[in-house]
Amino acid sequence: MPRDILLAAVIGAVGLKGEVRAKLFTATPDALPRYKTLHTAGGRKLVITAFRPAKEGEAVIAFDGIRDRNAAEALQGAELYVERAMLPETDEDEFYHADLIGLEARDSEGRVLGKVAAIHNFGASDVIELMRADGDSVHLAFTRETVPVLKIDAGYIIVAVPEEDEAEGPHPHVE
């Protein structure tokens, strides 16, 4: 099943001519305009007509048909996607965060801990969210130490559960 990949999110309008400021989730700022057409979760297609990098991790973007501030403001909060097939293939040790969503999370003994629900970045570093069978979610630092093995083609990852969590039960950051 094809997956959509989140590349940016509109964070506000810029000026009076319909430009928007967007937070970028691409490795380099200039990667976004290469895709030309993005879409929202609701399926609205947005064609990039102008693009300029702004401050770190952001850009100012103009879209075809968005011609005034009101139209730009209506896009605030919109997440901008491309289909996974549009992205370049990854090298052997590379992956897209979206490739991990839905994978089974196992401990080093092969016991199922849950499924990968999301990868977040709240500002400091990446955090992996695991959804447990009981419906609780667990957030762990997404590092090589915490997630030492990724078997994307096989459908699972290995999570190194901190020792105190094994003895005490759920991770202290359970929501």
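Residues numbered from 1 in each chain as written. Predicted model: local features only at pLDDT ≥ 70, side-chain atom pairs only at ≥ 80, totals over all residues. Heavy atoms only, no water.

Colleague: Describe in detail the side chain of Asp99, supporting the description with residues and values.
Modeller: Turning to its location among the elements, Asp99 is positioned in the loop between strand E6 (79-83) and strand E7 (104-106). Assessed through its relative accessible area of 16%, Asp99 is described here as buried. A polar side-chain atom of Asp99 sits 2.9 Å from a polar atom in the side chain of Arg84. (Helix = DSSP H or I, 4+ residues; strand = E, 2+ residues; numbered from the N terminus. Buried < 20%, exposed > 50% of the residue type's maximum accessible area, 1.4 Å probe, protein only. Polar contact = N/O pair within 3.5 Å; in protein donor to acceptor, adjacent residues only side chain to side chain.)

Colleague: Give a detailed account of the sheet that holds strand E8 (residues 112-121), specifying residues and quantitative values.
Modeller: The six strands lie next to each other as E10-E9-E8-E7-E12-E11, forming an open sheet whose pairing is mixed. The sheet is open, and its two borders are formed by strand E10 (137-141) and strand E11 (149-151), each paired with just one other strand. Looking at each pair of strands side by side, their axes are set apart by 35° on average, direction ignored. Relative to strand E12 (residues 156-158), E11 is paired through three bridges, and the arrangement is antiparallel. Within E12, the position partnered with Leu150 by the bridge is Ile157. (Pairing = 2+ DSSP bridges. Axes fitted to C-alpha atoms, helices over the stretch in contact; angles between N-to-C directions.)

Colleague: Report on the packing of aromatic side chains, specifying residues and quantitative values.
Modeller: Within this structure, the stated rule accounts for one aromatic pair. Between Phe95 and Phe142 the ring centres are 6.1 Å apart and the planes differ by 70°, which places this aromatic pair in the edge-to-face class. Of the two residues, Phe95 is situated in the loop between E6 and E7 and Phe142 in the loop between E10 and E11; the sequence distance between them amounts to 47 residues. Using a relative accessible area of 16% as the deciding quantity, one classes Phe142 as buried. (Phe/Tyr/Trp six-rings, centres within 6.5 Å; stacked < 30°, edge-to-face > 60°.)

Colleague: Any chance you could break down unusual backbone geometry for me, citing the residues and the numbers?
Modeller: Phi at Lys36 is positive, roughly 65°, even though this residue is not glycine. Mapped onto the elements, Lys36 comes out in the loop between strand E2 (19-24) and strand E3 (37-39).

Colleague: Lay out the pattern of salt bridges with the relevant residues and their values.
Modeller: Side chains that differ in sign of charge can pair as their charged atoms come close. Tallied over the full model, the rule gives nine salt bridges. The partner of Arg34 in a salt bridge is Asp30, and the shortest N-O contact between them spans 3.6 Å. The partner of Arg84 in a salt bridge is Asp99, and the shortest N-O contact between them spans 2.9 Å. On the criterion of sequence distance, the pair formed by Arg84 in the loop between E6 and E7 and Asp99 in the loop between E6 and E7 is long-range, its members being 15 residues apart. Within the structure, one salt-bridge network assembled from shared partners comprises Arg132, Asp134 and Asp136. (Salt bridge = Lys/Arg side-chain N within 4 Å of Asp/Glu carboxyl O.)

Colleague: An account of the confidence of the model for the protein chain is needed here, citing residue identities and associated values.
Modeller: The share of residues in the protein chain with pLDDT of 70 or more is 90%, and the mean pLDDT across the chain is 85. In the model, residues 165-175 has pLDDT below 50 throughout and makes 15 contacts with residues more than four positions away in sequence or in other chains. (pLDDT = per-residue confidence, 0-100. Contact = heavy atoms within 4.5 Å.)

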